[in-house]
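A look at the structure
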Amino acid sequence: PTRPRGPGLFCCCLTALLLLGGADDVNEAEEITTRDRTHIDSTLKLTEDSPKDDYAGALQRLRKIYHNAIRPLELSYKYNELRQHEITDGEITSKPMVLFLGPWSVGKSTMVNYLLGLDDTPYQLYTGAEPTTSEFTVLMHGPKMKTIEGIVMAADSSRSFSPLEKFGQNFLEKLIGIEIPHKLLERVTFVDTPGIIENRKQQERGYPFNEVCQWFIDRADLIFVVFDPTKLDVGQELEMLFRQLKGRESQIRIILNKADSLATQELMRVYGALFWSLAPLINVTEPPRVYVSSFWEDDYHPDTHKELFLKEEISLLEDLKQVIENRLENKIAFIRQHAIRVRIHALLVDRYLHTYKDKMTFFSDGELVFKDIIEDPDKYFIFKSILAKTNVSKFDLPNKEAYKDFFGVNPITSFKLLSQQCSYMGGCLLDKIEKAITHELPDLLGSIGLGKKPGALNCDVTGCGEAPKNRYRKH
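First, a word on scope: everything that follows refers to the structure included in this document. Not measured: the values here are computed from a predicted model.

Below, the discussion takes up the overall build of the chain. A count of helical and extended segments in the chain gives 19 helices and 10 strands. Buried residues in the chain amount to 46% of all 475 residues. Pairs at least 24 residues apart make up 79% of the contacts formed inside the chain by residues separated by at least 6 positions. If you sum the accessible surface of the chain, you get close to 24,800 Å²; carbon and sulfur atoms cover 53% of it.

Now for the packing of aromatic side chains. Counted under the stated rule, the structure contains 25 aromatic pairs. A centroid spacing of 5.8 Å and a plane angle of 45 degrees characterise the contact between Tyr300 and Phe309, whose relative ring orientation is tilted. Taken together, the aromatic side chains of Tyr77, Tyr352, Tyr356, Phe370, Phe383, Tyr403, Phe406, Phe407 and Phe415 make up a single cluster linked through ring pairs. A cation sits over an aromatic face here: Arg35 above Tyr114, 5.2 Å from the ring centre.

Of all 6 residues making up strand β4 (residues 175-180), 5 are buried, and the element is well covered by its neighbours. Two elements, strand β2 (residues 136-141) and β4, share 6 bridges in a ladder whose sense is parallel. In the strand pairing of β4, Leu139 is matched with Ile178. As paired strands, strand β3 (residues 146-149) and β4 are joined by 4 bridges and run antiparallel to one another. The residue of β4 that forms the bridge with Thr147 is Ile178.

This part covers helix α18 (residues 429-447). The end-to-end C-alpha separation of α18 is 25 Å, in line with the 27 Å expected for 19 residues at 1.5 Å each. Its axis deflected by about 50 degrees at Ala436, α18 carries its strongest bend there. For α18, the set of buried residues is Leu429, Leu430, Ile433, Ala436, Ile437, Leu441, Pro442, Leu444 and Leu445.

This next bit is on the packing of helix α15 (residues 366-375) against helix α17 (residues 400-409). Orientation of α15 relative to α17, taken along the N-to-C sense of each, is 155 degrees, at an axis distance of 9 Å. If you check the angle between α15 and α17, you find them roughly antiparallel. Residue-level contacts link Phe370, Ile374 and Glu375 of α15 to Tyr403, Lys404 and Phe407 of α17. Tallied by class, residues from the contact of α15 with α17 come to 4 nonpolar, no polar and 2 charged.

Ranked by size, the top nonpolar core spans 54 residues in total, and within it Tyr352, Tyr403 and Phe407 carry the most contacts. Those elements giving two or more residues to this core turn out to be α3 (55-76), α14 (327-359), α15, α16 (382-387), α17 and α18. For this core, the element with the most residues is α14, which contributes 15 residues. Non-local contacts of Tyr403, meaning those with residues more than four positions away in its chain, are made with Leu82, His345, Leu348, Val349, Tyr352, Ile374, Phe383 and Pro398. Membership of the second largest hydrophobic core comes to 48 residues, among which are Val138, Ala154, Val212 and Trp215.

Attention now moves to the sheet that holds strand β5 (residues 189-192). Spatially, 8 strands are ordered β3-β4-β2-β5-β1-β6-β7-β8 in an open sheet, and the strand pairing comes out mixed. Lying at the two open borders of the sheet, with one neighbouring strand each, are β3 and β8 (290-292). Averaged over neighbouring strand pairs, the angle between their axes works out to 25 degrees when direction is ignored. By the bridge criterion, 4 bridges tie strand β1 (residues 97-101) to β5 in an arrangement that is parallel.

The N-to-C vectors of α3 and α18 enclose an angle of 160 degrees; their axes lie 10 Å apart at closest approach. Taken together, the axes of α3 and α18 lie roughly antiparallel to each other. Crossing of α3 against α18: the hand is left-handed. The residues of α18 that touch α3, namely those facing Ala58, Arg61, Leu62, Ile65, Asn68, Ala69, Ile70, Pro72, Leu73 and Ser76, are Leu429, Lys432, Ile433, Ala436, Glu440, Leu441, Leu444 and Ser447. Tallied by class, the residues present in the contact of α3 with α18 amount to 12 nonpolar, 3 polar and 3 charged.

How each quantity is defined
- Residues numbered from 1 in each chain as written.
- Predicted model: local features only at pLDDT ≥ 70, side-chain atom pairs only at ≥ 80, totals over all residues.
- Heavy atoms only, no water.
- Helix = DSSP H or I, 4+ residues; strand = E, 2+ residues; numbered from the N terminus.
- Buried < 20%, exposed > 50% of the residue type's maximum accessible area, 1.4 Å probe, protein only.
- Contact = heavy atoms within 4.5 Å.
- Areas by Shrake-Rupley, 256 points an atom, 1.4 Å probe, with all protein chains shown as cover.
- Phe/Tyr/Trp six-rings, centres within 6.5 Å; stacked < 30°, edge-to-face > 60°.
- Lys NZ or Arg CZ within 6 Å of the ring centre and 35° of its normal.
- Pairing = 2+ DSSP bridges.
- Expected span 1.5 Å × (residues − 1).
- Bend = angle between axes of the 7 residues up to and from the residue.
- Axes fitted to C-alpha atoms, helices over the stretch in contact; angles between N-to-C directions.
- Parallel < 35°, antiparallel > 145°, perpendicular 65-115°, else oblique.
- Nonpolar A, V, L, I, M, F, W, Y, C, P; charged D, E, K, R; others polar.
- Core = buried A, V, L, I, M, F, W, Y, C linked by side-chain atoms within 4.5 Å.
- Left-handed = near helix turned anticlockwise from the far one by under 90°.

Here it is, written out as structure tokens:
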């Protein structure tokens, strides 16, 4: 056969080169390397067996203390109607919860896939450049992979999610559970949330999004707030989120994701911009700790600071490991903090009732008398008198305005004085909760080994004090 000559030869060669170049490009696309995951297993000790501590026995004692000493006062003074936080047995025995929050499409679901190794499995969370997660997705441990509808999760009283039923059927349709036989989920539960979209009206979601977020925030042991370099603007929705996070600063970890997509100079600018945006929103004197890395299965982009990103990732995993290892201590501290709030609420209702009885005469109009007390409690030293009690901090006092709503639903005459909440066999409710706060719960904490350390039962360790300890760590 004759060979092509002149321009024909040049065209054939050019076509061949283009085809070869295209083939190389395809091969390069196919050869995207996945990241080594051994540091996840080693940092979180997933290859080791779970510790054989007597968690079941300690949790049983914790449940007994709660039901005997705390819940009776909680029910008697309707604390749940003030704080909307009812503690169930499922919540007491539940695993630590890790909550993922942040704007849409910043990599929250991708991060969950990466940490659990779900990529290319049937239970990989759907990800993409557009807003993809519209549900609250709870990832739990189970003997085999399966999905659980929200209405089923809410109906199961043994789980910690039964109180979510109060947010309505529209929300339960946006709640989904996934059970996976994974070592990490034996020790912790992940919750992936819908991304925050600015300028979206709450009514469009069909359920009270902020209230649902608050429910999960109140119960989370660790909160990952994720950002990426393209979504650093802080709008109303994000400001609302950080208002909801006030008081939980010790649980927050801020993550600048997709960091390997930027050159060094750009990354420094973006880090500074994120820091500048968030600093006014976080209620701590120390600057927030921002973890900078890329949490997904693909290897870090070449010519970026791989060593830095890996160290940042391991630091974040260390925080997760600490939450897992301290789960029982944190649970006891949480119940103790709850008991302190219940006790203060009972003391306040008792003081309102005392004041009401003192001001009432035979000719008084009860509604007018109590309205005056509600409108200006400071005139009757109601809150100041509670601060005079021992072990009451001004930082733990509820908002005065909340009691206007509380007594609007619950008439003051429907309550008894604390001095009347006693029985010959059972003792006094106030004495029982005070004994739980000062002796029983600290003793339980000591029985699991924390009490052997000098000063270990103080509030810096247990998180039970007047103000939350800031645990942002600098590395």
